[in-house]
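Notes for the structure review
What follows is the residue order along each chain.
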Amino acid sequence: MGTGNNLRTTIISLLLILCLAGCTAAKDQSELNENNPVDDSSVQSDEKVEDNPVKTDEGEDALDISENMLAFYLVLNSKKPFVSAGEGCQEFYWNEYNWCLLQPVTSFEPGRFIVVDMDRDGEEEIMLYSWPESTQVLDYQDGSVYVYQFVFRGMNNVLPNGVYEGSGGASVWGFYRITEFDHGTFQEETLAYTETYGGDEYYEVEGREVTFREFNEYTEQFKVEPAEVHDFTEELLDEVLLGNLSEVELAVVKNAPVEEMLEQKEPDFTALPPELNEILTEGGAFICANDNQKKLFLEDGVVKGETEDEEYQALYYSIVDMDGDGISEVVLTCDFRTTLILHQTDEGVWGYRFGFDNEVGAIAENGTFAVGYSIYGTKGYGRILSFGENGCETENVDEAEFAGADRVWYYCY
């Protein structure tokens, strides 16, 4: 996934806009000179023209921004899609991303950020500290930006060399580093950690048990100033990621065209029964079978009850055959960590509501799903055998059956 074609297209577009802006400025200056002639010999410039890191295929100078920093900036401003490692390596735009630690959320807000070379490959990553409490790392590879999510306490106090502190709770603490990011996967190395259990303390350094004194001597090297942390503001993103651009250059970047996704899957509405298709695309009523057979309504991505306090938002919709009968259902991934499945019956459309984090979480294209799905692990995997008037008949499946299929595609309303 990801050649550099889309980013190069964006760079060329920025160059063209910048050239047009430069031509306009030159024309204005020319007209000014005609009205106010000067002696060219008396005008000298001490400015030095630097080589620009970002170039087009033809070798023309572009903006004075490194390619990865430009990509991060475009992603965080919803101009460029990114690949989310936690959601099956599906692409999203930042303003349409509603996930935190593999869970659907209504709001996801970065508060601070760090720029540091996490995996020591010579190219910096950007790390975000966000709310809900979590850590995201954006890594640039082959023209694409990949986003990885971590528990906040498992990755904080990052050092300039990429080493960070991690805690697994009150009894486990240590120092770690990323050895490799690889197109949606990563490898983490444990440098040193200590664990307390049953009143006993255990110390380890680079895979071997050591004494308390040896642990302290080894970790002394990590007692340095951490990497600089910046507030996640528009002004600081401009300054840290883009550097010292002129007002014209900054305006060009801010008005960059939106890049198209490399992999786009259009929803197949023809796979749905007509009444279910109509509810998804135009709105309508359905009966929630496993919730006291309440009558609910889907309207503009909002699930509504007969009273206002029953409303909740559908963040994404997916089209997938959940019970293996050859007819697709609509799966709504909603706020309050809710999965709502809409199924066509002879009596109309029925809904089945489940908790995302402990009943029906991540779903594969073959209809299998994860139970208790979160960054902390899963309780198991299942499949729906049939839909009934009060609920669903399900069976357990092996992890391989779920993991062997791609994740369902999440479409935004």
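Residues numbered from 1 in each chain as written. Predicted model: local features only at pLDDT ≥ 70, side-chain atom pairs only at ≥ 80, totals over all residues. Heavy atoms only, no water.

**Quick notes on the packing of helix α4 (residues 234-242) against helix α5 (residues 247-254)**
Between α4 and α5, whose axes approach to 12 Å, the crossing angle comes to 105°. By the criterion of interaxial angle, the relationship of α4 to α5 is roughly perpendicular. Residues Glu234, Asp238 and Leu242 of α4 lie in contact with α5, whose contacting residues are Leu250, Val253 and Lys254. Taken together, the residues that form the contact of α4 with α5 break down as three nonpolar, no polar and three charged. (Axes fitted to C-alpha atoms, helices over the stretch in contact; angles between N-to-C directions. Helix = DSSP H or I, 4+ residues; strand = E, 2+ residues; numbered from the N terminus. Parallel < 35°, antiparallel > 145°, perpendicular 65-115°, else oblique. Contact = heavy atoms within 4.5 Å. Nonpolar A, V, L, I, M, F, W, Y, C, P; charged D, E, K, R; others polar.)

**Remarks on the sheet that holds strand β5 (residues 109-116)**
Sheets are built from strands that pair by backbone hydrogen bonding, the pairs being arranged parallel or antiparallel. The seven strands lie next to each other as β2-β1-β8-β7-β6-β5-β14, forming an open sheet whose pairing is mixed. What marks the edges here is a single partner per strand, and that holds for β2 (90-92) and β14 (230-231). Where strand β1 (residues 82-84) meets strand β8 (residues 144-150), two bridges bridge the pair, whose relative direction is parallel. Bridging from a neighbouring strand, valine 83 pairs with tyrosine 146 of β8. Running over the sheet, helix α2 (residues 67-76) touches β1, β5, β6 (125-131), β7 (134-141) and β8 and is turned about 130° from β7. Against the sheet, α4 makes contact with β5, β6 and β14, and its axis sits at roughly 20° relative to β5, the strand it touches most. (Pairing = 2+ DSSP bridges.)

**Considerations on the sheet that holds strand β9 (residues 164-169)**
Pairing in this open sheet of five strands is antiparallel, and the strands run β9-β10-β11-β12-β13 from one edge to the other. If you trace the sheet from one side to the other, it starts and ends with β9 and β13 (208-209), each paired once. Strands β10 (172-182), β11 (185-197), β12 (200-205) and β13 of the sheet are contacted by helix α3 (residues 212-219), whose axis makes an angle of about 140° with β11.

**Focus: the pattern of salt bridges**
When the charged atoms of two side chains with opposite charge come close together, those side chains can pair. Going through the model one piece at a time under the given rule, you end up with 12 salt bridges. Salt-bridge contacts for arginine 177 lead to glutamate 189; the nearest nitrogen and oxygen are separated by 2.8 Å. Placement of the pair is arginine 177 in strand β10 and glutamate 189 in strand β11, with a sequence separation of 12 residues. Note that aspartate 357 and arginine 337 form a salt bridge whose closest N and O atoms lie 3.1 Å from each other. Of this pair, aspartate 357 sits in the loop between β21 (348-355) and β22 (369-371) while arginine 337 sits in the loop between β19 (329-334) and β20 (338-345), placing them 20 residues apart in sequence. On the basis of relative accessibility, which here comes to 28%, the residue aspartate 357 falls in the partly exposed class. Note on arginine 337: relative accessible area 41%, which makes it partly exposed. Beyond isolated ion pairs, a larger network of salt bridges with shared partners links Glu234, Asp238 and Lys254. (Salt bridge = Lys/Arg side-chain N within 4 Å of Asp/Glu carboxyl O. Buried < 20%, exposed > 50% of the residue type's maximum accessible area, 1.4 Å probe, protein only.)

**A few points about the environment of threonine 233**
Positionally, threonine 233 belongs in the loop between β14 and α4. Separated by 122 residues in the primary sequence, threonine 233 and glycine 111 place their C-alpha atoms 8.2 Å from one another.

**Quick look at the environment of glycine 348**
Mapping glycine 348 onto the fold places it in strand β21. Classification of glycine 348 as buried rests on a relative accessible area of 6%. Taking the C-alpha atoms as reference, glycine 348 lies 7.2 Å from phenylalanine 286; in sequence the two are 62 residues apart. Excluding its chain neighbours within four sequence positions, the residues that come into contact with glycine 348 are Glu275 and His343.

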